[in-house]
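Fold and geometry: a report
The primary structure of each chain is shown beneath.
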Amino acid sequence: MKRVIPVLCTALLLLSLWRDPETVTVSASEVESMELPILMYHSILKDSERQGDYVVSPTVLESDLKYLLNNHYQTVTIREVVAYVNGTGELPEKSVMITFDDGYYNNYSYAYPILKQYGARAVLSPVASLSEQFTESGEENAYWSYCTRTQLKEMSDSGVFEIANHSYDMHELSPRRGCLKRSGETGAQYRENLMTDIKKAQDVFLQYAIPAPICYTYPYGALSDQSEAIVRELGFAVTLGCEEGINVLIRGDAECLYRLKRYNRASGKSSAEFLSQMLPDD
């Protein structure tokens, strides 16, 4: 929900103090802000035995979309959120972002048609090396394969999915967990390895004729104390993590776009149980 919050103009305050500390008057400027819940999905499978923390059924996804629509929420993309914060665009009063991590083939076979059916949009963060692998093999299996070049291109062109960078090959738990430093890796080595990996993923999407992502999604939400500075240096306007919570978007404050929080969608709860706990109160 949009709201206006008071923000103290620190620079003006300090200037006034320097000029005449005995006659300082502090006024608050009003800055527009709004809350943005972000949902995080992974694999979508019909097989009830596979459903769990990171796998839900197509029926659950459809139910979630119905709940959002019935409660007047509209799905938004990364670029729309950036435009709102930059002051060059607007967002619906009740906005929500839907994200899918990893780029499973079942995102194409199950999630994509459902999103289209309900006029919803989402952010898809594929692991670029896995997309290359299955583009070459051509294998299509809902359980374990990943989206190919053609599938990612189709979903991007449709406007249903905006593509984000989820690393080229850092979606791993060992010897490196996500974007954390490896044991014995120096700061300089880490910087070079992370930059090389991210750039390689960007090149893959450009080769696919997909717009260069402006969002970096941390694998497993894992990052080091150097990660954010490196990602920003590479020009990414937004980063997504895995910490849960509601985000507050503030007009004119680009800092609010980094390490955005997301709620992981696991199986086992109804749409009302899951969504009512995280959607901002009216």
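Scroll up to find the structure.
All values reported here derive from a predicted model rather than from experimental measurement.

This part covers the overall build of the chain. Tallying secondary structure elements over the chain gives nine helices and 13 strands in all. Across the 282 residues in the chain, those meeting the buried criterion constitute 49%. Carbon and sulfur atoms make up 49% of the accessible area of the chain, which totals about 13400 Å².

Positive phi, normally seen in glycine, also occurs at Asp102, with a value near 95°. Residue position: Asp102 is located in strand 7 (residues 95-102). The phi angle at Ala209 is positive, at roughly 65°, despite the residue not being glycine. Relative to the helices and strands, Ala209 is located in the loop between helix 7 (187-207) and strand 10 (215-217). By relative accessible area, Ala209 is classed as partly exposed at 46%.

Among the nonpolar cores identified, the biggest contains 39 residues, and Leu39, Phe100, Leu152 and Phe161 are the most heavily contacted of them. With five residues, helix 2 (residues 58-70) is the largest single contributor of residues to this core. Residues Met34, Val123, Ile214 and Cys256 belong to the second largest nonpolar core, which totals 21 residues.

Below, the discussion takes up helix 4 (residues 105-117). Spanning 13 residues, helix 4 covers 18 Å between terminal C-alpha atoms, matching the ideal 18 Å at 1.5 Å per step. At Ala111, helix 4 shows its maximal bend, which comes to roughly 40°, and the proline Pro113 appears one to four places after that position. Among the residues of helix 4, those classed as buried are Tyr105, Asn106, Asn107, Ala111, Tyr112, Ile114 and Leu115. Of the surrounding secondary structure, the elements contacted by the buried residues of helix 4 are strand 4 (43-44), helix 2, strand 7, strand 8 (122-126), helix 6 (149-158) and strand 9 (161-163). Within two residues after helix 4, Gly119 carries a phi angle of roughly 65°, on the positive side.

With that out of the way, let us pick up the environment of Leu130. Relative to the elements of secondary structure, Leu130 occurs in helix 5 (residues 128-137). Overall, Leu130 belongs to the partly exposed group, its relative accessible area being 21%. When the C-alpha positions of Leu130 and Tyr168 are compared, they lie 8.1 Å apart, and in sequence the two are 38 residues distant.

Our next topic: the pairing of strand 3 (residues 38-41). On strand 3, burial covers both faces: Ile38 and Met40 on one face and Leu39 and Tyr41 on the other are all buried. Where strand 3 meets strand 7, four bridges bridge the pair, whose relative direction is parallel. Counted as the bridge partner of Met40 is Thr99 from strand 7. Direction of pairing for strand 3 relative to strand 13 (residues 263-264): parallel, over a ladder of two bridges. Across the sheet, Leu39 pairs through a bridge with Tyr263, a residue of strand 13.

We now examine the pattern of salt bridges. Tallying each qualifying case throughout the model produces 11 salt bridges. Residue Arg176 pairs with Glu185 through a salt bridge whose shortest N-O separation is 2.9 Å. Take Arg176: its relative accessible area is 5%, and that puts it in the buried class. Taken together, the shared-partner salt bridges connect Glu32, Glu90 and Arg251 into one network.

So, how was this worked out
Residues numbered from 1 in each chain as written. Predicted model: local features only at pLDDT ≥ 70, side-chain atom pairs only at ≥ 80, totals over all residues. Heavy atoms only, no water. Helix = DSSP H or I, 4+ residues; strand = E, 2+ residues; numbered from the N terminus. Buried < 20%, exposed > 50% of the residue type's maximum accessible area, 1.4 Å probe, protein only. Areas by Shrake-Rupley, 256 points an atom, 1.4 Å probe, with all protein chains shown as cover. Core = buried A, V, L, I, M, F, W, Y, C linked by side-chain atoms within 4.5 Å. Expected span 1.5 Å × (residues − 1). Bend = angle between axes of the 7 residues up to and from the residue. Contact = heavy atoms within 4.5 Å. Pairing = 2+ DSSP bridges. Salt bridge = Lys/Arg side-chain N within 4 Å of Asp/Glu carboxyl O.

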